[in-house]
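# Per-entry structural report
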Amino acid sequence: MIHSTNYYNTFIEIAEDCPTANSEIPPLKGKKKSLANLQFEMVFENPYKYTSDEVFYAIHVLRKEIPEGEREEQKKAFFSKGQPCFRASPLTKRYGWGLHSNKEGKIALYEKGSKEYQDFVNDDSVIKKKAMRSKRA
């Protein structure tokens, strides 16, 4: 069975307990890029180019240094168990970014407080989901 993280025609709003007043670019901590850095670079620099499944798997390949010849087989194993989606991403929980999935499942980031962010929140034709809270209520 394949478990997908993709959403369609959906806007993920920032978490209710997001600590930032404005959207932030995830800061670099040391030499190695964090999950948030990698996700931000891939999605922010390529709006509506990738699905969330493509982003999560590309980052998995990069971090695990999976050789080219093993990627297809490893992809089946990766998606055979559930993976956290962008509702659990540091981008939507900690750094204040909204994430829109279009009807093809391709994703883009939107800054908290921007006109585009508000337009998605107010659009009744778009499904809304909240990012997961960092702390239990």
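Structure first, text after, so check above.
Below is a short write-up of the structure.

Here is what the cut-offs are and how they apply
- Residues numbered from 1 in each chain as written.
- Predicted model: local features only at pLDDT ≥ 70, side-chain atom pairs only at ≥ 80, totals over all residues.
- Heavy atoms only, no water.
- Helix = DSSP H or I, 4+ residues; strand = E, 2+ residues; numbered from the N terminus.
- Expected span 1.5 Å × (residues − 1).
- Buried < 20%, exposed > 50% of the residue type's maximum accessible area, 1.4 Å probe, protein only.
- Contact = heavy atoms within 4.5 Å.
- Phe/Tyr/Trp six-rings, centres within 6.5 Å; stacked < 30°, edge-to-face > 60°.
- Polar contact = N/O pair within 3.5 Å; in protein donor to acceptor, adjacent residues only side chain to side chain.
- Pairing = 2+ DSSP bridges.
- Axes fitted to C-alpha atoms, helices over the stretch in contact; angles between N-to-C directions.
- Core = buried A, V, L, I, M, F, W, Y, C linked by side-chain atoms within 4.5 Å.

## Here we look at helix α2 (residues 52-64)
For α2, built from 13 residues, the straight-helix expectation of 18 Å at 1.5 Å per residue is met to within 8% by its first-to-last C-alpha distance of 18 Å. By the burial criterion, the buried members of α2 are Ser52, Asp53, Val55, Phe56, Tyr57, Ile59, His60 and Val61. Close packing links the buried residues of α2 with α1 (35-44), α3 (71-79) and β3 (107-111). Just past α2, the residue Glu65 takes up positive phi, approximately 50°.

## Concerning the packing of aromatic side chains
Note on aromatic pairs: each is described by the distance of the centres and the angle between the planes. Applying the stated criterion to the full structure yields 10 aromatic pairs. Both rings, one in Tyr57 and one in Phe79, keep their centres 6.1 Å apart while their planes meet at 45°; by these two values the pair is tilted. Taken together, the residues span a long stretch of sequence, with Tyr57 in helix α2 and Phe79 in helix α3 at a distance of 22 residues. Comparing Tyr57 with Phe79, the two get one shared label, buried. Measuring from ring centre to ring centre gives 5.0 Å for Tyr110 and Phe120, while their planes differ by 65°; the resulting arrangement is edge-to-face. Note that Tyr110 is positioned in strand β3 and Phe120 in helix α5 (residues 115-122), a separation of 10 residues in sequence. Put simply, the rings of Phe11, Tyr110, Tyr117 and Phe120 touch in pairs and so form one group of aromatic residues.

## Regarding the environment of Asn46
Assignment of secondary structure puts Asn46 in the loop between α1 and α2. Taking relative accessible area as the criterion, Asn46 reaches 23% and is therefore assigned partly exposed. Here the alpha-carbon distance between Asn46 and Lys106, two residues 60 residues apart in the chain, equals 10.0 Å. Once you skip the residues sitting within four places of it in the chain, Asn46 turns out to touch Glu41 and Ile107. Polar side-chain contacts of Asn46 include one of 2.9 Å to the backbone oxygen of Met42.

## Brief notes about the sheet that holds strand β2 (residues 97-101)
Ordered in space as β3-β2-β1-β4, the 4 strands form an open sheet in which the pairing is mixed. Looking at strand neighbours, the two that pair on one side only are β3 and β4 (127-130), the edges of this open sheet. Taken pair by pair, the neighbouring strands of this sheet meet at an average axis angle of 25°, ignoring direction. Sheet topology note: the strand β1 (residues 10-13)/β2 ladder contains 3 bridges and is antiparallel. For Ile12, the partnering residue across the bridge sits in β2 and is Leu99. Across the sheet, α1 touches β2 and β3, and the angle it forms with β3 is around 105°.

## Observations regarding the pairing of β2
With 5 of its 5 residues buried, β2 lies for the most part within the structure. Burial along β2 is two-sided: Trp97, Leu99 and Ser101 and Gly98 and His100, pointing in opposite directions, are all buried. Across 5 bridges, β2 lies against β3 in antiparallel orientation. When the sheet's bridge partners are listed, His100 is paired in β3 with Ala108.

## Focus: the nonpolar core
Within the largest apolar cluster, 25 residues are counted, with the highest numbers of intra-cluster contacts made by Val43, Val55, Phe86, Leu91, Leu99 and Leu109. Mapped onto this core, the elements with two or more residues apiece are α1, α2, α3, β2 and β3. Here Phe86 is in contact with Ile12, Gln39, Val43, Ser52, Val55, Phe56, Leu91, Thr92, Leu99 and Ile107, once residues within four sequence places are set aside. Of all hydrophobic cores here, the second largest spans 8 residues; its members include Phe11, Ile14, Ala108 and Tyr117.

Without other data, these values stay purely geometric and don't point to any function.
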